[in-house]
Structure formats: C-alpha cells, structure tokens
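One letter stands for each residue in the lines below.
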Amino acid sequence: MRVRALRALNRGPYPWAVSIAALAVLATACAGGPAGTPSSPLPTVALESQTARPTASPNATSAPSPRVPAREAKCNTQLTTDFVLANDLTCTGDAFVIHVDNVVLDLNGHTLTGPGMGPQTWPNPQLDSVGVRVGGHTGVTVRNGRIDSFSTGIYFVDMTRSNIESVTSTRNRYGFYIHASTGITIKDSSVQANIYGLHLQDSSNNVVQHNDLNRQTYNSPGGYGIYLYRSDGNKIFENDIDTNVNWGIWFSEAKGNTIFHNNVKDNHPQVSDNNPDTNQWFDPATKEGNWWSDYSGKDGDGDSIGDTPYPILGPGGVVDAYPFVARDGWKTKRRSTIDHYQPPAARPPREVRLVVVSGGDVQVGAPRSGALSSVAVSARSVALGTDGHTLLALDGRELTVMDLLGGARDTRTVQIDDGIVAANRDGHSVLVVGPRGAEQYDMTTGQAEFFVYNSRPSELAPSYKHNHIFVSTPRGIDLLYLNLGGRTPYTIPLDGPAGAMSMNGSGTRIYTAIVGQPLVDVADTEQYRVVDQIRIASEARALAVSPKEDVLYVATNEGVMAIDLGTKRVRATASFLGSVADIAISPNADQLYVALAGQQRAVAVLDAATLRTGDVIPLHADPTHLLAASY
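Summary of the structure given here. As the structure is a computational prediction, the values presented were derived from the model and not from experiment.

## Considerations on the overall build of the protein
Piece 1. Helix and strand counts for the protein stand at three helices and 56 strands.
Piece 2. Residue burial in the protein is summarised as follows: out of 631 residues, 57% are buried.
Piece 3. Once local pairs closer than 6 in sequence are excluded, the contacts in the protein between residues at least 24 apart make up 46%.

## As for the state of the cysteines
Piece 1. Taken as a whole, this structure holds one disulfide when the rule is applied.
Piece 2. Disulfide pairing places Cys-75 opposite Cys-91 at an S-S distance of 2.2 Å. Across the S-S bond of Cys-75 and Cys-91 the torsion is about -90°, and the bridge reads as left-handed. Of this pair, Cys-75 sits in the loop between strand 2 (70-71) and strand 3 (77-79) while Cys-91 sits in the loop between strand 5 (89-90) and strand 6 (96-98); the two residues are 16 residues apart in sequence, bridging distant segments of the chain. Of the two residues examined, Cys-75 and Cys-91, each falls in the buried class.

## A closer look at the nonpolar core
Piece 1. Residues Phe-96 and Leu-112 are the most contacted members of the largest nonpolar core, which totals 51 residues.
Piece 2. The residues touching Leu-112, leaving out its near neighbours within four places in the chain, are Leu-85, Leu-89, Ala-95, Phe-96, Leu-107, Gly-131, Val-132, Arg-146, Ile-147, Asp-148 and Phe-150.
Piece 3. Counting 29 residues, the second largest nonpolar core, distinct from the first, contains Val-157, Leu-494, Met-503 and Ala-523.

## So, the packing of aromatic side chains
Piece 1. A full pass over the atoms with the stated rule returns 20 aromatic pairs.
Piece 2. For the ring pair Tyr-174 and Tyr-196, a centre distance of 4.4 Å and an interplane angle of 15° mean the geometry is stacked. In this pair, Tyr-174 sits in strand 13 (residues 174-179) while Tyr-196 sits in strand 16 (residues 196-201), placing the two residues 22 residues apart along the sequence.
Piece 3. Judged by relative accessible area, Tyr-174 falls into the buried class, the value being 0%.
Piece 4. Centre to centre, the rings of Tyr-196 and Tyr-224 are 5.5 Å apart; their planes meet at 45°, and the pair counts as tilted. Of the two residues, Tyr-196 is situated in strand 16 and Tyr-224 in the loop between strand 18 (212-214) and strand 19 (226-229); the sequence distance between them amounts to 28 residues.

## Re the pattern of salt bridges
Pairing between side chains of opposite charge can happen when the charged atoms of each approach one another.
Piece 1. Under the criterion given, the structure shown has 18 salt bridges.
Piece 2. The closest approach of N and O atoms between Asp-328 and Lys-331, which form a salt bridge, is 3.9 Å.
Piece 3. A relative accessible area of 23% means that Asp-328 is categorised as partly exposed.
Piece 4. Residue class for Lys-331 comes out exposed when judged on its relative accessible area of 54%.
Piece 5. Between Asp-532 and Lys-568 there is a salt bridge, and its shortest N-O distance comes to 2.4 Å. Taken together, the residues Asp-532 in strand 47 (residues 529-535) and Lys-568 in the loop between strand 50 (559-564) and strand 51 (570-574) connect sequence positions 36 residues apart.
Piece 6. Residues joined by salt bridges that share partners form a network here, namely Glu-351, Arg-353 and Arg-368.

## A look at the side chain of Ser-151
Piece 1. Topologically, Ser-151 is positioned in the loop between strand 10 (141-148) and strand 11 (152-157).
Piece 2. Look at Ser-151 and you get buried, because its relative accessible area is 1%.
Piece 3. Leaving out residues up to four positions away in the same chain, Ser-151 has contacts with Gly-116, Met-117, Gly-118, Gln-126, Leu-127, Asp-128, Ser-129, Asn-172, Arg-173 and Tyr-174.

Parameters at a glance
Residues numbered from 1 in each chain as written. Predicted model: local features only at pLDDT ≥ 70, side-chain atom pairs only at ≥ 80, totals over all residues. Heavy atoms only, no water. Helix = DSSP H or I, 4+ residues; strand = E, 2+ residues; numbered from the N terminus. Buried < 20%, exposed > 50% of the residue type's maximum accessible area, 1.4 Å probe, protein only. Contact = heavy atoms within 4.5 Å. Disulfide = S-S within 2.5 Å. Core = buried A, V, L, I, M, F, W, Y, C linked by side-chain atoms within 4.5 Å. Phe/Tyr/Trp six-rings, centres within 6.5 Å; stacked < 30°, edge-to-face > 60°. Salt bridge = Lys/Arg side-chain N within 4 Å of Asp/Glu carboxyl O.

This is how it looks when you write it as structure tokens:
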C-alpha cells in the first residue's frame, strides 16, 4: 500500500466518504467469489514482472493494452497490477479497488453487477458499493465492460491523468463520480438509466468526449446527464445527451468550461447556465456549437450553422452563438461558418422605483424624486414578481397584485392567514407560506393549491431550478417541495436559528443571518448544505446580494457594510442615526437603499461602491419592508 494514496484518499471535501476506500485497503477479509460471500480472504493481484508504462500525459489517449492473460476475479479484488477480467461478477460490495499508479483494468466485455443503488445520500457520493474505486493515483485506465446496479459505477477521487473508456454504466445511483480530480478523460462510454449520470465534483481540466449520457431517471435532484459542481476548464464535446428526465447539462458554480459538438435532445429542460461569459458554448476556433433538438432557427446561407443563437436557460442571457441545424452537423459540414452573431448591446440602466411598507401602508417613488407616495394598499408582507415590477402585497388573507408600471391592480383572497408572500420562479404563480400551511396561487388561471406545512417561516426564497421553496425557519432552511405535495424532505442545518435571508440572482447561494450570532451562513441550493461562513461584527438584520453576485450587503444595528464575496473583506461601511429595518440593491448595481426606523425615519440612498449617502427620503412612520422594483 502506498502512503501517498492513503493521504489522497483522506483529502478533499468529503473525507468521511473517501475513507471507506482507505479502510478497504486495510481490510483482511472481503466478499469472496462471484456471489460475494464474506468468508474468503481478501483477493489481491500482486505485481507481475513486466515493462513499466510511462506516466500518462494530461488528458491522455488510450493507455496501452495490458499484455497479461485474462484471469478470473472475486469481489473486492485489490489491484496492484494490470488486470484483464475473465468472468462476470455479482457483488454485495465493491468489485475492484485499485491501489497503484499506471494500471489498466480491462473488464474484457464482462459485467460487474452490484447489490442495488443504495439509499439517497445527496449531496455526498453514495459509496456503499462501487464497481471500480480508486483514489490518489495517476495513469489509471478502466475500460471495456459493463457496470450495473451499484451505488456508484466508477468512483475517482484525487486522481490525475487517468481514463475511463468504453464502459457502460447503468442502473446505478451515480453512473461515474469524478471527485477532486484533474486530467481525466472519459470517452466512448455509455451512462444510461442511472439516478445521476456523469458527476464532476470539484474536478477541473478534464475531457468528456464521445459518450452517451442518456435517460437518467428522476430522484430529485437527479435525472441529469452531466453535472458540474465547482468544476472549471473542462472540455465537453461529441456527446449525445438525450432524454434525461431532468437537466441534460447542469452547471453550479462551474466556470471556463467549453461545450461544443454535442447532440442535446429532449431533456427536461435541456440545460442551464447561471452567468454570461462564464462558459463557452461553442468552439471559438471553428465557431461551431451544438445541436439542440428544440432549436427553431434557420440556416439561410447553407453553412450548417443556424443564423440566430440558441438561448441557454438561465438568468444570465447565455447563448450558443453557433448552433447546428442538424444532428451531428459537424460530421457533414463542408464550409466555414459564416458569422452572423452579434453580441447583445449593453443594456441601458433600468428605471427604479422604491417600494416601502411604512406604518403598514405601501408607498412607492423614484429614488431621485426625494419623496414616496401611498398607493392605497396595506401590507404585512411584500414581494416582487419575476418581471421586477409586479407588486405582491399580502395583508392577512388579502393579496393585492399590482403592476407598478401601468397601475393595474387586482385583489384576491388566499387560504393562508398570517403568511409571507413570494413570487414563484415560473413567472405566474404566487406563493404564500404561513405557520399553518402553504399555498400556490396561479395569477393567470386563478387556481390555488394548498399544502400542509407547520413551521414558522421568517423569509422565503423560491428555487430557480426546481418547483420548491427555501423557507427560513428557527430549525434551519426547509425545502418545501410543491411537486411532492408540499412535503419537506430535507432541512439544511445551520449554525443556529435562521434570520434574514437573501438568494443570489442565479439561485445557487442563499445567505442566511444566524439569530443572536455575528454570522452569515452560505448555503448551496443544489448541494443542500452550508458551504461557507461569513463572520461579521454583530448580528445581521437584513441582507442583499449585488446583481453581479460579488458583494454581500449586510445591515446590523451599527449600520451597513459591503463585503467582497471573493475575499470576505469589508469594502465599505456606513452608519446612521436610526436603526436599519431593511435594505435593497438597485438592479443596476449602482445604489443601495436603506430603510431607517426609530430616531431617523427615512430611506437613505447610498452609492453601492462607497456606501456614501447621496440622498435621504423622509417617512412618516417606521418602515418594515423595502424593495427595489425596476422596469
């Protein structure tokens, strides 16, 4: 056993998980024989005399075929040399564990069958049983076989310059899980009918080429063809990503990836990307993108490339600028791309209207006007629609929906009393959550659906990607699933009771103040866990995230501060005579608005960069809520 490999197995974001592999190294017994009986001694394949292969180069092509005869193996075989398999295996635990560098495991067309996919462990890898497990090594190749019904088909952790080739992974919880690894090539493989397809976690500079990533099944948040979490600089091309129940390609905090020459068909939805200019959806050298089954553009000049971009779902306005009009179009393309793409012009600054609840009355006005006017609406809770200018005002069970642009309004009655209102991300539903239930109200059809819920919410954040709501409560952040009958299958544990809450624009991070502590927890909305902490001088009373998602504005009893989310350093601070009731950031990212109560009843208009006060708008009563609507 190599010391470096053991160290690597115990590094990374989930040391408790990968330590299972280390324990396997130290084990003295294992499941023996094809049936996986536990009485057999641990099978180890010793090093044989052979010429050593050179270390694989980054993203290497195929390793040489091993010049060893095919041999039968038992379950939980510990490999220390090249191995060619001569039999199928049915195992109750791991099939193979690899312990050295520069090894080829050739499954030789055989099938490894496991005990089933095991329980849900998202966001952690499921490692109850693994078809091929390897960690902390380089130059490893797994090829030419089928892996079925394991918790994870192949698990690479802390790996470099290694390969997965011509492997079919089916009916596992995770098809392939690539974890904290770099220089991995996955090619000519089929990942189908798993819960999670190909998963890249904290893994950068890898190649995913010519694979079938199809028909993954749904077990929320599963069902995706390929998922990249905090994984940068990967190259994804020549893959078929087809008929996955959830996302075909799913990005979360993943940047600098290049995606081109893929067939993306009939996924639900196809893809999502959070921010513009983060990932490249075409080959910049050839100006060739991907084929999308739902692309409706035309090819007027016959260069096989659509004359209009394909829009990537997400809040950032990302596009595939050079989409193909036919499946596998890059194989038959005969002429250079005629470039029709024009990057969008810079968007002009939006018009802003402040919405303030002061003394229970809703008041509206432009920041530059120096005054706010009542719109004759009472509210205890307010929110904005996804269009940025539809006001949702809830007072008891009376819900007022008002277009701040045109002035049209409508009043409805909801079932929930003493609730909090929010707009669902679908653009037409209103969510109301209270201590005795939750309701989704469709503003278009008037249909309402009631859900049982019994925790006291303090703030709401509808999910960007799923039909559920994140609810801030004393016990943590509840996931209230609307498509599961309002069930709350998970609560994200925090470092204390949840207070003020703010979600970033792309929906990937929730910033939550901890009641009674000078602490803000940062929760990942897809990993369902706290991934960071921000320590501040005193308890936060209100939070706001900049539109560029690079600054967190925090209101405390002492005033407000701007915290750089990259460095966690305070950029600027401001203090006031009154106490801060709420804050809001302009969608133009140029101004911060601060609602003040007590000694100074007003809305202060601050420069967002320096936090210098530019104007103060007086109020007649203490404010409780502040929004920045936009047109």
